[in-house]
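Geometric and topological summary
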Amino acid sequence: LYFEDADITDEFLQEELYPDAAEEFESALDFALTVLVELVSQDVEISKLGAYVAGKGDALSDGQGQMVTKFWKSQRSKIYQALAKQTCWQDKLTGVSWRVDVKTKS
């Protein structure tokens with residue numbers, strides 16, 4: 001899910017971005033996920049983003065480097081918030097379902 005939006009799926013993105021090129025979409029998705037995982041796992045800060053992109057050398061074209069930079073600058077905080085929400089215990093209970101069974105004399 002993309003930021004917990006159930007309407008945005010891989011299939012939806014493929015239909016919108018690459019309607020006639022499933023293999024190209026899969027390649028682009030794999031590339032984007034690899035870069036995103038690296039950015040998150042290395043905790044790349046905005047100030048060090050230029051060095052990250054430059055360090056990728058031939059792996060990133062100029063256009064891809066600009067895209068990664070723009071995306072990371074605009075989405076970094078949302079990504080970290082989503083990860084924190086998925087991985088941290090909260091200080092409050094967000095939902096509970098319970099019942100009480102009582103024996104009665106019949």
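Please refer to the structure higher up on the page.
The text that follows walks through the structure, step by step, so that each part is easy to find.

Definitions and limits used
Note on numbering: residues in each chain are counted from 1, in written sequence order. Residues qualify for local features only when their pLDDT is at least 70, as the model is predicted, and side-chain atom pairs are given and counted only at 80 or more; totals for whole chains, interfaces and linings, by contrast, use all residues. Side-chain metrics rest on all non-hydrogen atoms present in the structure, leaving aside hydrogens and water. Each helix corresponds to a stretch of at least 4 residues labelled H or I by DSSP, and each strand to a stretch of at least 2 residues labelled E; elements are numbered beginning at the N terminus. Interaxial angle, 0 to 180 degrees, is taken between N-to-C directions of lines fitted to C-alpha atoms, where a helix line uses only the stretch in contact. Oblique is the label for every angle not falling under 35 degrees (roughly parallel), over 145 degrees (roughly antiparallel), or within 65 to 115 degrees (roughly perpendicular). Whether a crossing is left-handed or right-handed is set by the direction in which the near helix is turned from the far one by less than a right angle, anticlockwise for left-handed and clockwise for right-handed. Contacts between residues were defined by any pair of non-hydrogen atoms, one from each residue, lying within 4.5 Å. Basically, the charged four are Asp, Glu, Lys and Arg, the nonpolar ten are Ala, Val, Leu, Ile, Met, Phe, Trp, Tyr, Cys and Pro, and anything else, Gly included, counts as polar. Think of a salt bridge as a Lys or Arg side-chain nitrogen and an Asp or Glu carboxyl oxygen that are within 4 Å of each other. In this scheme, a residue with accessible area under 20% of its type's maximum is buried, one over 50% is exposed, and one in between is partly exposed, where area comes from a 1.4 Å probe on protein chains only. To pair, rings of Phe, Tyr and Trp, with the six-membered ring standing in for Trp, must have centres within 6.5 Å; the planes then decide the type, stacked if under 30 degrees apart, edge-to-face if over 60, and tilted in the middle. Like charges within 9 Å and nonpolar side chains (Val, Leu, Ile, Met, Phe, Trp, Tyr) within 5 Å are joined into patches, using only residues over 30% in relative accessible area that form no salt bridge. Values of accessible area rely on a 1.4 Å probe in the Shrake-Rupley scheme; residue burial ignores everything except the protein chains shown. Note that the arc is computed from the directions linking the helix axis to the C-beta atoms.

We now examine unusual backbone geometry. The phi dihedral of Asp-43 falls on the positive side, at around 50°, and the residue is not glycine. Mapping Asp-43 onto the fold places it in the loop between helix H2 (22-41) and helix H3 (49-56).

It is the contact of H2 with H3, at a shortest axis distance of 12 Å, that shows an interaxial angle of 135°. On the basis of the axis angle, H2 is oblique to H3. Crossing hand, H2 versus H3: right-handed. Between H2 and H3, the contacting residues are Val-35, Glu-38 and Leu-39 on the first element and Leu-49, Tyr-52 and Lys-56 on the second. For the contact of H2 with H3, the class distribution of residues is four nonpolar, no polar and two charged.

Taken as a whole, this structure holds three salt bridges when the rule is applied. Note that Lys-56 is salt-bridged to Glu-38, the shortest N-O span being 2.7 Å. With a gap of 18 residues between them, Lys-56 in helix H3 and Glu-38 in helix H2 connect regions that are remote in the sequence. Classification of Lys-56 as partly exposed rests on a relative accessible area of 25%.

Let us look at the packing of aromatic side chains. Two measures describe an aromatic ring pair: the distance that separates the ring centres and the angle between the ring planes. Taken as a whole and judged by the stated rule, the model has two aromatic pairs. For the pair Trp-72 and Tyr-80, a centre-to-centre distance of 6.1 Å together with 65° between the ring planes defines the contact as edge-to-face.

Let us now look at a nonpolar patch on the surface. Together, Val-96, Trp-98, Val-100 and Val-102 make up an exposed nonpolar region whose accessible area comes to about 500 Å². Of note, Val-96 is situated in the segment after helix H4 (62-87). In this structure Val-96 comes out as exposed when scored by relative accessible area, which is 58%.

A word on H3. All buried positions along H3 are accounted for by Leu-49, Tyr-52 and Val-53. Looking down the long axis of H3, one finds its buried residues gathered within 95° of arc, a one-sided arrangement. Set apart from the buried face of H3 by more than 90 degrees, the exposed residues are Ala-51, Ala-54 and Gly-55. Its buried side turned inward, H3 meets H2 and H4. Of the residues one or two after H3, Gly-57 is the one with positive phi, at around 55°.

Just distances and angles here, no functional claims.
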